Structure formats: C-alpha cells, structure tokens
Amino acid sequence: MSSSLQFDQVRLPPECESLRRDVRAFLAEEIANGTFDPHRPGHGDSHDRAFSKRIGARGWIGMTWPKKYGGRERSFLERYVVTEEFRVANAPVRLHFVADRQSGPILLKYAPEHIKTDILPRICRGELCFVIGMSEPGSGSDLFAAKTKATKVDKGWRINGSKIWTSNAHVADYMLGLFRTSPATKDDRRHGLTQFLVDMKTAGITVNPIYQMTGQHDFNEVVFSDVFVPDDHVMGEVDSAWKQATSELAYERSGPERFLETFYVMLELIRALGAEPDIRSAEGLGRLVAQLHALRRMSVSVAGMLQAGKEPMVEAALVKDLGTIWEQKLPHRVRELTAFLAPEIGNRATLEEQLTFATTLAPKLTIQGGTTEILRGIIARGLGLR
Amino acid sequence: MAATQNTDREPTKAAIVRESDHIVAEMAARIFADFADPQTINRAKDGAWRGPLWHALSEAGLPLAWVPEQLGGSGASLLEGFAVLGAAGRFAVAVPLAETLLAGWLLARAGLASPDGAMTVAPARPVSHITLGRDGTLSGRALGVPYASDAPHIAVIAEDATGITVALVLAKDCGIDKGQTPAGDASNMVVFDRVKPLRHARAPAGLDSAALMLMGSVIRSVQTAGALEAILSLSVAYANERIAFERPIGKFQAVQQNLARLAGEVAAALAVSGSAADAIGQESAFDEAVFLEAASAKIRCAEAATEAAGIAHQVFGAIGFTDEHVLHRYTLRLLAWRDEFGNESYWAAELGRRVAQQGADEFWPLVASR
C-alpha cells in the first residue's frame, strides 16, 4: 500500500473512433424513429426490450466477452466508447446495462460451463435484464451484515428473507445476489456470504415496488419465501463471496456513467448561454469544461490500465468519488450560471424541465453503487491509513 | 525537436510513457535529492545551495533539455522535459529550471540559440504585452515574471503590426522590481524601455504569446501535480505517525475523509496535467485540442492546489504552519503557480467563451476527441 497514484496516458485507438461513428449513426436513427427523446431524460420507457435487442444485434452488449459466449472479443476501450455515447444521448439502456457491466463478467468467471453457454449469449442479444441483490432492510453499505439466508437442502439451497433497493427487480430475469450461508466468524466478519444466480421466475419470489422521489419506479423490495436455487447456481466459493470482488469493481466504479448522469444540463446550459456569454457565465462554464475533461481523462486512463492487466483499485474509486460529486453538483451550478439570463431564451422550457429532473435525481448519485463515505474508506485503505 | 514533429504515433504504444522519459526524470530526481532536498534547503540560512544545484543540473544538460543540440542544448523530447518538471515539483525546486526550459524552447522554435545560464520568459501573464518597435527595440511591461531578478537572460515574445517576434535580451537592460511570490521566489515586474535584443527572429506560424501562455500553463500544471504528489505522501506519512487521543490521527474517519479528498485532487491534477503534457508532446500545433488540454490542466490543477494545500495544512495542524516545517515549501509554491501564465479564472473564461462560440452540438465531440 502506498500513497502513489498512477494515471497512464491512455488515448483511444483509431478503431474506437470508427466504432464511435457507427454508434452515433445508430443513435441518430433511433432518435429519428422516435425510440427516445435525447432532450427528455427520465421520460419514456427506460427498460426498452426491443431497443436493447437492436443494440445486441449490433454487437454492443457483452462486446468484450469471448465469441463462444456471444461476445465480440473487443477491447474495454471500445466498450468505453459505446457506453459514453449511449450515456450522452440519454438512450434507455437500463434493461441490459447491469448485465453488461457487472453480472456478465461475474458469470464468465464463476458460472459452470452450461450456464455460461445458456445465459451469456442471451445477455449479448439484449434479451436479459439482471438485478443486483445486495442491500437488505438493515444492511446497506455494510454488506457483511446481510442476513437473508440460503440453507443447504438436497440438490440445492433454500432462500428466505428480503433484498431492498433492487433496481430493475420488477423487470429482471435474473438476480445475482449475496446470501448468508454460514454465520460470520469471530475473527472474520466477512465470512459466510455466498453469491447465487437466482431465476426471478422461481416460485416464492415477490417483488414489491418502492417509488422514488423523482416519481420513477426503479427501486423494489424482493421477498424470498422458501425459494429453491439449484447447486449449480452457486457462483464461486461457498462462504467466501468477499474474495470475489476483484477488477469488476474497478470497472463498475470508473466508467463514464459515473460522471455523465446529469450531463444533459451542461449541454442545455451551453445552448442557453448562446455564442457570447458574459464573463461570469463564461468562467463558470469553462471551469465545468475543465473539470469534465479531467474526469474523463482519469476515467479513460483507468479503463486503459484495466485493459493492460493492471489493477488500479484506488484510482477507480477516486474516479467514482470525484465523478459522482461533480455530476451531483452540476445541476446546481447550471442553475447559478443561468440565473441572470433573459426570460425569453429559446430553450428555457427544456432547461427548466431538465434542471427539475436532475435536481431531484442528484441526491442518489453519491449513494448508489458504494456511497462517498464507503469509497473514501476504500481510498484511505489504499493510501495505507487502515 | 523530435517530439513536436512526432507524427508516427502508434495508437496503443502512445498510451505508455516511454522508458526514456523515466531515465531522464530519474537522473533529475537524483540531482534534486542530492542538491535540493527540501528539508535541507528549509534549514539553510542562505541561498548557497543554489549554485551547486544549478551546476549539477547544467552538467546534466537539463536546463536546456528542450533546445536541440545544434542550438546548444541537449535535445531531449518534450515528454522527457515534462517528466523532469514533474520531479522538480515533487522536490519544490526553487531555481529557474522550468523557466529556462521554457525560454530555451521558445528561442529554439524561432531558430535562436540559447545562452549558458538561467533564463526566464516574458510575458508571463496573459494581460502583459511587449511590442517590437520599428527601430528593432522592445517596449512594454510584463507583470509577475518568475525569477527575472535572478536570471541573466530573458526570452521575449513581442508583437508588432506585421507579426510576432522572438527575442533574447539581457535582464540588466530591463527595469526589474523586487517582487516576490508568497513562497519567497522572485517574481518581478519587468519594464522594457526600448530594450535592444541580443538577437531576434520571426516566430514560426502558430507561435504567439497565447501559445507561450499555454505552454507555460502546462509546465506549471506538471510542477503542480508533482508537488501535490509530495504533499499527499507527506500528509499520509504524518497521519500514520502522529498520535493524538491515543492513536495515529490517520485512524480517525474525519482525517481519512480529508486525506481521501486530498488524494482525489492529486489524482485529478496528475491525470489532467499528464494528459496536457502528452497532448503537447504529440501534436505539432497549438490547435483546439491542445487549447482544451492545456487550459483545462491549468484550471483543474489550480483548483486542486487550492483544495489540497488547505487539506494538507489541516492534517499537519500547527507544526505545518511553522517556518521550520517543510510543508510550506510546497503549499506556498502551489498557490503561487496558480497565478503564472494565466490563472484559473482567466483560462476558464477563455475556455468557456470558446465552447460557447462553437455551440452545444460541438461540445461533446470535442471532449470525446481527447
């Protein structure tokens, strides 16, 4: 452990730029066809199965995975380009995004062969939605406090308890969940948790909706009542799930989705300011541009280092810490920078609608996928303070 | 200047800092460790350490690293030079090494040879302008020129109605005041009152005082990132050894949170300054892309300097506020560097204007192109 940080200078190779052109052309066509409105994030169906299938048909889901499982064996930098272009366009990718980013890589690493050949190609075709089952009522950031139990039975396990804040659960086909298979030991409280693949159609699963303050339905409570999961659905080692969090976490923390979630308000700010902003607005905009560029260069660097086989865990956590705080503050900065604009600016209605949505959404950005406080604990450990 | 004409850019190889960058920077770091140890210098009663340090740097060819051999320099690449300046930042080096590198680069771009010894450049602020008169003399005043009172020569970029000129002048031919930065380094107003240059030449296309400000900004950003790396490791080490309330203060979550924030600022500065140095090292012109990279680096590094200096002092408490402690050698330079070659407010307004001028539809493509 040391306090030295590494950010290799990574530039996206030329193949990324031709891919970027393809993605932009695809998105322009989808927008023209009315699939989604890039100026109205949070509207329309964010789980669009038909759209996800068209994305899958282009080879842009699971694109880094082996061809024998439906992947395209492309680089993580190419995946980076696809992710950022979809994000910037506000394209609805919720249906496949969790499977593409997190669940697929876990299956690739830990699932038995017959499950890989069954499920991974369907993820790649955009047919499957995954949900992460980690938080419980009573254990959120503190994952190791999870109580929902998987009890060994003949040929499998029986699950009882509940998971909460499970985004996508109401549409998901599968859950990758963390369940207690043994009590924690005195000297290792991380012991006793196991990762399972759960078919959401299994008898005994109830999904109760939880509406969010944005008015959207994304969260759920998932209740397990004697849910049977076969032995081959155990992912990795029983009781040792904590060992399995490796480089996937770095991908999850450092991607472009960790600073572009409210990016649309920045574009709308530029439209509102016009070609000749006053010096206050120009300075405010310029600082945002510099901060965004710095975040993206950090994020691309981490993607490149991961592609090169390095494990920049602290750097990845830093991207998420800085990135989520930046995207959270962005609507507030835009509000300040547009405070003195003439009432008749052309895009006022769009700007106000977007600001309302982004402002309402912003609080969750530093909570989901590891809170600021948890991230800083990870960073402090990486610096050698813990 | 091999690096400025580097067009055979291999996409994946370009991603990796070349080994030779490390070799030159490691040599520089050894010299800094031997002759510019911050703790030793902080205890020194006078500036006697400067002579041996400059001599060692000159012997190694570092001050004129960016000058090709045929113009009297050592012909290192831009990336090698930036790596040396990162190391200089890690040691809070307080001799005009960066300024001499920049002056040598400026003169060489116009085909002018560099003299021996330390140099600086004028102007060093975007508000300052120097004009070339019909009689071939220079007039104007340049604010905040770093080390002007210490360096025998000044490389100047001057304008007249027909174009841009690069000139070399003797510092003693100029009016130089006694200004200092908060860190105590010379930072002078330089008055040019019909100063006759030792030599001068037309600047090549694309080289003007805005380009000099951008180059200076990347230099300061790289030094800033180096100094930030140093204060992060000093702060972490101190938090691990300083006992309060019966445990190392680094065990307290409040302190850990502060150090994590400090690490974030250091990370942003390292990434954005490294990116800008790489951009200047790879591109042959000061185009839109280099403008975005260089201006962003100066803005973000200056913001990081403000935040990080505050956090580091908070971690150290009273001891870090003493003259005998080494921390101020870093923090006061970090704060001073913000103002040189355009402060963050200046560059932010310039960058914001450019982005606004190009319009919303051009913005994401610009960001994504880097």
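Remember, it's a predicted structure, so these values are computed and weren't measured experimentally.

Description of the environment of A:W157
So, point 1. Considering the arrangement of structural elements, one finds A:W157 in strand β3 (residues 156-164).
So, point 2. On the basis of neighbour counts, which here come to 22 C-beta atoms within 10 Å, the residue A:W157 falls in the buried class.

A word on the environment of B:E288
Residues and elements named next belong to chain B.
So, point 1. With respect to the secondary-structure elements, E288 resides in helix α8 (residues 288-316).
So, point 2. Classification of E288 by C-beta neighbours within 10 Å gives partly exposed; the count is 13.
So, point 3. On a C-alpha basis, the gap between E288 and L366 in space is 8.5 Å, while along the polypeptide they are 78 residues apart.

Let's talk about the domain arrangement of chain A
In many reports, interface size means the accessible area that the parts give up when they come together.
Residues and elements named next belong to chain A.
So, point 1. On domain assignment, one finds that chain A holds domain 1 (14-128), domain 2 (132-243) and domain 3 (247-382).
So, point 2. Each of domain 1 and domain 3 was reduced to a C-alpha centroid, and the two centroids are 22 Å apart.
So, point 3. Residue-level contacts link 16 residues of domain 1 with 16 residues of domain 3.
So, point 4. Of all the secondary-structure elements, those providing two or more residues to the side of domain 1 that touches domain 3 are α3 (76-88) and α4 (94-110).

A look at the interface of chain B and chain A
So, point 1. Between chain B and chain A, the residue contacts involve 51 residues of the former and 51 residues of the latter.
So, point 2. At the level of elements, α6 (209-241), α7 (253-282), α8, α10 (344-358) and α11 (360-368) of chain B are the ones that each hand at least two residues to the side of chain B that touches chain A.
So, point 3. Considering each element in turn, the side of chain B that touches chain A owes the most residues, 15 residues, to α7(B).
So, point 4. In terms of residue class, the side of chain B that touches chain A is made up of 31 nonpolar, 14 polar and six charged.

Side note on the nonpolar core
So, point 1. Counting 250 residues, the largest nonpolar core has B:I154, B:L259, B:A263 and B:V266 as its most contacted members.
So, point 2. A per-element tally of this core places α6(B) first, with 18 residues.
So, point 3. Leave out the neighbours within four places in its chain, and B:A263 touches A:L5, A:L318, A:I379, A:L383 and B:L232.

Overview of helix α3 (residues 50-59) of chain B
Residue and element names in this part refer to chain B.
So, point 1. Among all positions of α3, only L53, W54 and L57 are buried. Seen along its axis, α3 keeps its buried residues to an arc of 95 degrees; they face one direction. Away from its buried face by more than 90 degrees, α3 exposes G51, H55 and E59.
So, point 2. Remark: G61 follows α3 within two positions and exhibits a positive phi of approximately 75 degrees.

What counts, and at which threshold
Residues numbered from 1 in each chain as written. Chains lettered and ligands numbered in written order. Predicted model: local features only at pLDDT ≥ 70, side-chain atom pairs only at ≥ 80, totals over all residues. Helix = DSSP H or I, 4+ residues; strand = E, 2+ residues; numbered from the N terminus. Buried ≥ 20, exposed ≤ 12 C-beta atoms within 10 Å, placed from the backbone. Domains from an automatic or database assignment. Contact = placed C-beta atoms within 7 Å. Nonpolar A, V, L, I, M, F, W, Y, C, P; charged D, E, K, R; others polar. Core = buried A, V, L, I, M, F, W, Y, C linked by C-beta atoms within 7 Å. Arc of directions from axis to C-beta.

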